[in-house]
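Each chain, written out:
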Amino acid sequence: MSIRVGVFGAGGRMGVTVCQAVAADPNLELVAAVDPSHDGIAARTVIGVPEASFDVSGSPDAMTQAGVEVAIDFTAPSAARNNMRFCAENGIHAVVGTSGFTEAEFDSIDAQFVSSNCLIAPNFAIGAVLMMRFAEMSAPFFETAEIIEFHHNNKLDAPSGTAVNTAERMAAASVEWAADPTETETYPGGRGASGPGGIPIHSVRMVGMVAHQEVVLGTTGQSLVIRHDTTDRSSFMPGVVLAAKRVGDLRGLTIGLETILGI
Ligand code: NAP
């Protein structure tokens, strides 16, 4: 039997791709799409799924009316907070990709989910999740490590959240890093930003790129390069689809894909 899925933010950049990925999976059924700015418009014209026979709704009530079992949210933090509360109150499992939550919020979100579960993943690209795990596993075996992240030229923040998260996990896995030998920086920032644990992070902003990261580790006579490349939004879809299928097996709030990937 297929799982009945609804998408919050269905008219957004991620939401449209998520709706298409859900509709294409034989074990999931797309039954509702919520997005206030597309209220009342035929879903097939908004999300490009010809077989979608319902309208996009501006209200989360469309989720309960359609008997949604799993709701996927790619909206904005303030909207996602309300949508998670709605899901918790109505026993709907939530899969959340919206970014911008603080660790301090997680306890209260967890407390809300009593009769259903919630999975929030900062990164749904399975390759990126594995890259971070491999970097964390490798850290204790190397003396030096640097992270180079490459993004499109419209990204406003630096370093990327993924780069910071990678460095945090590597720093937690090892404290035995060699001192930086640099005595003179001809141009300030030449050695990159000093990230968690002092691990340098270099941010490249480049026309023609999407999202890429290299973790370079070195020790005597050898180096290891772990690289992940995202070429478009479809990279997130296997993770989103997997989360929709597995969130019902979890308990309360789960952060990240690691639990369902078993890593
Ligand atoms: P976007 O194009 O702005 O889409 C968000 C959509 O949500 C918009 O159509 C917006 O409508 C709609 N929305 C706002 N309030 C809503 C509500 N209460 N209920 C339902 N829909 C609502 O943004 P995006 O690029 O798709 O990204 C969405 C989020 O996903 C961002 O936080 C982004 O950082 C995150 N993201 C996460 C991952 C990951 O792997 N975890 C990957 C990519 C992106 P309006 O335009 O009218 O406001």
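Owing to the predicted nature of the structure, the values given are computational and were not obtained by experimental measurement. (Residues numbered from 1 in each chain as written. Predicted model: local features only at pLDDT ≥ 70, side-chain atom pairs only at ≥ 80, totals over all residues. Heavy atoms only, no water.)

Moving on, we get to the environment of Lys155. Along the polypeptide, Lys155 turns up in the loop between β6 (144-151) and α7 (161-173). The spacing of Lys155 and Ala211 is 56 residues in sequence and 9.7 Å in space, taken between C-alpha atoms. Each residue touching Lys155, except ones within four places of it in the same chain, is listed here: Ser160 and Arg205. Reaching out from Lys155, the side chain makes a polar contact with the side chain of Asp157 at a distance of 2.9 Å. (Helix = DSSP H or I, 4+ residues; strand = E, 2+ residues; numbered from the N terminus. Contact = heavy atoms within 4.5 Å. Polar contact = N/O pair within 3.5 Å; in protein donor to acceptor, adjacent residues only side chain to side chain.)

Once that is clear, we can look at the sheet that holds strand β1 (residues 3-8). Read across the sheet, six strands follow the order β2-β1-β3-β4-β5-β11 without closing on themselves; strand pairing throughout is parallel. This sheet does not close on itself; its edge strands, each paired only once, are β2 (28-34) and β11 (253-255). The mean inter-strand angle of the sheet, taken between neighbouring strand axes irrespective of direction, is 20°. Where β1 and strand β3 (residues 70-73) come together, four bridges link them in parallel fashion. Residue pairing in the sheet places Val7 in a bridge with Ile72 of β3. (Pairing = 2+ DSSP bridges. Axes fitted to C-alpha atoms, helices over the stretch in contact; angles between N-to-C directions.)

As a further point, take the domain arrangement of the chain. Per the domain assignment, the segments making up the chain are domain 1 (3-120 + 233-261) and domain 2 (126-230). When each unit is reduced to the centre of its C-alpha atoms, the spacing between domain 1 and domain 2 is 31 Å. Of all residues in domain 1, Ser235, Glu258 and Leu261 bury the most surface against domain 2, accounting for 67% of the area lost on that side. For the pair domain 1 and domain 2, the interface holds one salt bridge. Counting the contacts that link domain 1 with domain 2 gives one residue pair in polar contact (both at pLDDT 80 or more). For the side of domain 1 that touches domain 2, the secondary structure elements donating two or more residues are α8 (237-246) and α9 (258-261). A class-by-class count of the residues in the side of domain 1 that touches domain 2 yields three nonpolar, two polar and one charged. (Domains from an automatic or database assignment. Buried area = accessible area lost by both parts, 1.4 Å probe. Salt bridge = Lys/Arg side-chain N within 4 Å of Asp/Glu carboxyl O. Nonpolar A, V, L, I, M, F, W, Y, C, P; charged D, E, K, R; others polar.)

To continue, consider the side chain of Ser57. For Ser57, the position within the fold is in the loop between α2 (43-47) and α3 (61-65). Here the side chain of Ser57 touches Ser59 through a polar contact of 3.0 Å, landing on its backbone nitrogen.

In the neighbourhood of the ligand, 21 residues make up the surrounding shell, with Met14, Asp35, Ser99, Ala121 and Phe124 lying closest. Between the ligand and the protein, one listed contact pairs an oxygen atom with a backbone N or O atom of Met14 at 2.7 Å. The backbone of Ala121 places a nitrogen or oxygen atom 2.9 Å from a nitrogen atom of the ligand. In isolation the ligand offers 920 Å² of accessible surface; the protein chains occlude 70% of this area. (Near = heavy atom within 4 Å. Areas by Shrake-Rupley, 256 points an atom, 1.4 Å probe, with all protein chains shown as cover.)

Turning to the environment of Asp55, a few remarks are in order. Checked against the element boundaries, Asp55 lands in the loop between α2 and α3. Along the primary structure Asp55 and Ala43 are separated by twelve residues, whereas in three dimensions their C-alpha atoms are 4.8 Å apart.

In this section: the pattern of salt bridges. Throughout the structure, instances matching the rule amount to 13 salt bridges. A salt bridge links Arg205 to Glu149, with the shortest nitrogen-to-oxygen separation between them at 2.7 Å. Taken together, the residues span a long stretch of sequence, with Arg205 in strand β8 (residues 200-205) and Glu149 in strand β6 at a distance of 56 residues. A relative accessible area of 26% means that Arg205 is categorised as partly exposed. A relative accessible area of 0% means that Glu149 is categorised as buried. If you follow the salt bridges from partner to partner, you end up with Arg133, Glu136, Arg169 and Glu258 in one network. (Buried < 20%, exposed > 50% of the residue type's maximum accessible area, 1.4 Å probe, protein only.)

Ranked by internal contacts, the top residues of the largest apolar core, which has 35 residues, are Val18, Ile47, Ile72, Leu119, Phe124 and Leu257. Leave out the neighbours within four places in its chain, and Phe124 touches Phe74, Val95, Val96, Gly97, Leu119, Ser235, Phe236, Gly239, Val240, Ala243 and Leu257. Counting 24 residues, the second largest nonpolar core, distinct from the first, contains Val31, Ala62, Ala66 and Val68. (Core = buried A, V, L, I, M, F, W, Y, C linked by side-chain atoms within 4.5 Å.)

A separate point is the packing of aromatic side chains. Given two aromatic rings, their pairing is described by the distance between the two centres and the angle made by the two planes. What the rule picks out here adds up to one aromatic pair. Note on Phe74 and Phe124: the rings are 5.8 Å apart at their centroids and 55° apart in plane angle, and the pair reads as tilted. With a gap of 50 residues between them, Phe74 in the loop between β3 and α4 (77-89) and Phe124 in the loop between β5 (118-120) and α6 (126-138) connect regions that are remote in the sequence. With relative accessibility at 13%, the residue Phe74 sits in the buried group. Owing to a relative accessible area of 2%, Phe124 belongs among the buried residues under this scheme. (Phe/Tyr/Trp six-rings, centres within 6.5 Å; stacked < 30°, edge-to-face > 60°.)

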